[in-house]
Amino acid sequence: MNAPGSTRSNDPARQERLRALNLELVFRQVFAAENPVSRTELAAATGLTRPTITRIVEELIAGRLVTETGATPDGRAGRPRMGLTVSRRGPAGLGLDIRTDGLAACVVDLSGAVRHLAFAPFTDAEAPAVLDRLAHMANEAAEAASAEGLTVVTATLAVPGPTDGGIVRTAPSLGWRDVDAGALLAERLAHLDLHTSVDNEANLAARGELHRATPDHFLYVSGGLDIGAGIILDRRLMRGSHGWGGELGHLTVDPDGKPCRCGSRGCLQTYASLAAILGGETPPAGQTADAALLAWADAGRPETIAALDTAATALGVAVANVLNLFDIDTVLLGGSFALLSSWLIAGVEAEINQRVLSARWAPITVRPATLGPDAAAIGAAMAVVDRIRRDPTDWLASTR
């Protein structure tokens with residue numbers, strides 16, 4: 001019988017939790033290392049014993065989370081040690097994106113490398129038709145990943161609007177309202193046995209940029225079907241109390257302005273979205289809207305240049321409000337705005353310099369996003385990296 005106050009009955013649970021914490025600690029060390037790291041270096045960095053490191057590394061290798069890369073010097077005398085790095089033949093994430101120019105499917109491995117990227121046009125914006133097409137693309141992506149030794153374990157859908165769990169509350173540019181895209185997608189992908197989720201495309205794009213060499217604080221602005229924003233502070237995405245933050249396209253830039261499809265007036269969307277810049281014109285066959293606008297502007301077409309100037313001014317006004325509120329000094333123009341950035345940056349900077357209080361002593365940088373229009377698809381696929389880095393034991397348990 002256990003003595004009063006004894007916790008012996010909890011020992012197995014405590015041991016299992018300690019094992020999980022040690023495994024997570026070692027995996028994070030391998031994940032964060034810029035170069036292959038040896039077992040000796042892991043022991044020194046974590047304070048764990050060499051036998052414990054050996055056991056954990058063997059488990060991580062068996063679970064295809066870590067792989068040996070060959071001999072690597074570790075600064076000690078004697079022969080080089082075997083290096084360890086994140087595996088590129090293990091779990092992978094699938095990102096699905098509803099873009100201005102169609103649909104995209106992307107597979108990213110655990111190292112963050114893009115292993116598959118495919119596109120398809122869509123003409124029917126009705127939710128069932130869009131999700132049917134995306135499910136077909138997801139199947140093709142999963143097959144392509146499997147051929148490279150990868151196992152797709154998550155599927156994340158990027159949508160141009162606020163989400164509530166799997167429900168798209170509103171996506172005016174698609175005509176969607178209260179669409180349970182999560183359930184519809186999960187139903188179509190049930191045979192793949194994936195963890196599925198739905199999120200705002202600007203938030204996912206900002207997360208994709210965050211995994212690249214970016215500042216710790218930045219405002220990501222996505223232009224396309226809608227205009228959204230991802231706000232990154234201290235390398236964390238600010239989502240708001242319900243996860244609906246970042247609807248930059250529906251900031252008011254003119255209270256008495258044009259009516260917006262959201263029901264309000266004078267939204268940034270009505271001045272700076274691709275539809276607003278196009279002004280009712282149709283791009284030539286086989287050319288995307290942003291590519292057509294860029295070609296027309298580069299050719300000196302007056303009405304296109306004027307529309308881009310109007311868009312840049314409105315965008316600058318909206319962005320300046322955000323910068324005054326959050327004290328951010330880097331703005332990334334993403335989505336279609338990345339392609340059009342050479343025609344937008346000057347106008348956006350002019351408004352920022354005039355309207356942001358701190359701009360006089362703390363210059364603000366406006367530049368195109370690193371990932372361009374692929375950021376949301378890549379960010380959606382990167383959900384697997386965040387999920388497994390946060391809890392590698394969950395993945396390992398599923399492989400036993």
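Structure: see above.
Parameters and conventions
Residues numbered from 1 in each chain as written. Predicted model: local features only at pLDDT ≥ 70, side-chain atom pairs only at ≥ 80, totals over all residues. Heavy atoms only, no water. Salt bridge = Lys/Arg side-chain N within 4 Å of Asp/Glu carboxyl O. Helix = DSSP H or I, 4+ residues; strand = E, 2+ residues; numbered from the N terminus. Buried < 20%, exposed > 50% of the residue type's maximum accessible area, 1.4 Å probe, protein only. Axes fitted to C-alpha atoms, helices over the stretch in contact; angles between N-to-C directions. Left-handed = near helix turned anticlockwise from the far one by under 90°. Contact = heavy atoms within 4.5 Å. Nonpolar A, V, L, I, M, F, W, Y, C, P; charged D, E, K, R; others polar. Pairing = 2+ DSSP bridges. Core = buried A, V, L, I, M, F, W, Y, C linked by side-chain atoms within 4.5 Å. Disulfide = S-S within 2.5 Å. Patch = residues over 30% accessible without salt bridge, like charges linked within 9 Å, V, L, I, M, F, W, Y side chains within 5 Å. Areas by Shrake-Rupley, 256 points an atom, 1.4 Å probe, with all protein chains shown as cover.

A. Structural context of the pattern of salt bridges. Tallying each qualifying case throughout the model produces 19 salt bridges. With a closest N to O distance of 2.7 Å, Arg-99 and Asp-374 form a salt bridge. Here Asp-374 lies in the loop between β15 (365-368) and α13 (375-381) and Arg-99 lies in strand β3 (residues 91-99), a separation of 275 residues in the sequence. Of the two residues, Arg-99 and Asp-374, both sit in the buried class. Between Arg-188 and Asp-132 there is a salt bridge, and its shortest N-O distance comes to 2.6 Å. Taken together, the residues Arg-188 in helix α5 (residues 181-188) and Asp-132 in helix α4 (residues 127-147) connect sequence positions 56 residues apart. Overall, Asp-132 belongs to the partly exposed group, its relative accessible area being 43%. Ionic contacts of the salt-bridge type, sharing partners, join the residues Arg-88, Asp-109, Arg-115 and Glu-148 into one network.

B. Region of interest: the packing of helix α2 (residues 39-46) against helix α3 (residues 50-62). Orientation of α2 relative to α3, taken along the N-to-C sense of each, is 115°, at an axis distance of 10 Å. The way α2 lies across α3 gives a crossing that is right-handed. Listed contacts from α3 to Arg-39, Thr-40, Leu-42, Ala-43 and Thr-46 of α2 are Arg-50, Ile-53, Val-57 and Ile-61. Residue classes in the contact of α2 with α3 are distributed as five nonpolar, two polar and two charged.

C. Molecular detail of the pairing of strand β6 (residues 151-159). In terms of burial, β6 is a largely internal element, eight of the nine residues being buried. In the sheet, β3 pairs with β6 via seven bridges, with the strands oriented parallel. Paired with Gly-95 across the strands is Thr-156, a residue of β6. Pairing geometry for β6 and strand β10 (residues 195-200), over six bridges, is parallel. By the bridge assignment, Leu-157 is partnered in β10 with Val-198.

D. Here's a closer look at the nonpolar core. The biggest cluster of nonpolar side chains holds 45 residues, and the ones touching the most others in it are Leu-42, Leu-60, Leu-65 and Tyr-220. Counting residues per element, this core draws most heavily on α13, at six residues. If we skip the residues at most four places from it in the chain, Leu-65 touches Phe-27, Leu-60, Thr-85, Val-86, Ser-87, Pro-91, Leu-110, Ile-388, Pro-392, Trp-395 and Leu-396. Residues Ala-229, Leu-248, Leu-294 and Ala-311 belong to the second largest nonpolar core, which totals 43 residues.

E. Looking closely at the sheet that holds β3. The strand order across the open sheet built from five strands is β5-β4-β3-β6-β10, with neighbouring strands paired in mixed fashion. Pairing within the sheet leaves two strands with one partner each, and these edge strands are β5 (114-120) and β10. Sheet twist, expressed as the mean angle between neighbouring strand axes with direction ignored, is 20°. Bridge count between strand β4 (residues 102-109) and β5: six bridges; the pairing is antiparallel. Bridged to Ala-104 within β5 is Phe-119.

F. The state of the cysteines, seen in detail. A complete count under the given rule lists zero disulfides for this structure. Of all cysteine sulfurs, the one in Cys-262 lies closest to Cys-260, which takes part in no disulfide; the gap is 3.6 Å. Judged by its relative accessible area of 11%, Cys-260 falls in the buried class. Residue classification places Cys-262 among the partly exposed positions, given a relative accessible area of 34%.

G. Molecular detail of a nonpolar patch on the surface. On the surface, Val-114, Leu-117 and Phe-119 cluster together into a nonpolar patch covering about 240 Å² of accessible area. Along the polypeptide, Phe-119 turns up in strand β5. Using a relative accessible area of 46% as the deciding quantity, one classes Phe-119 as partly exposed.

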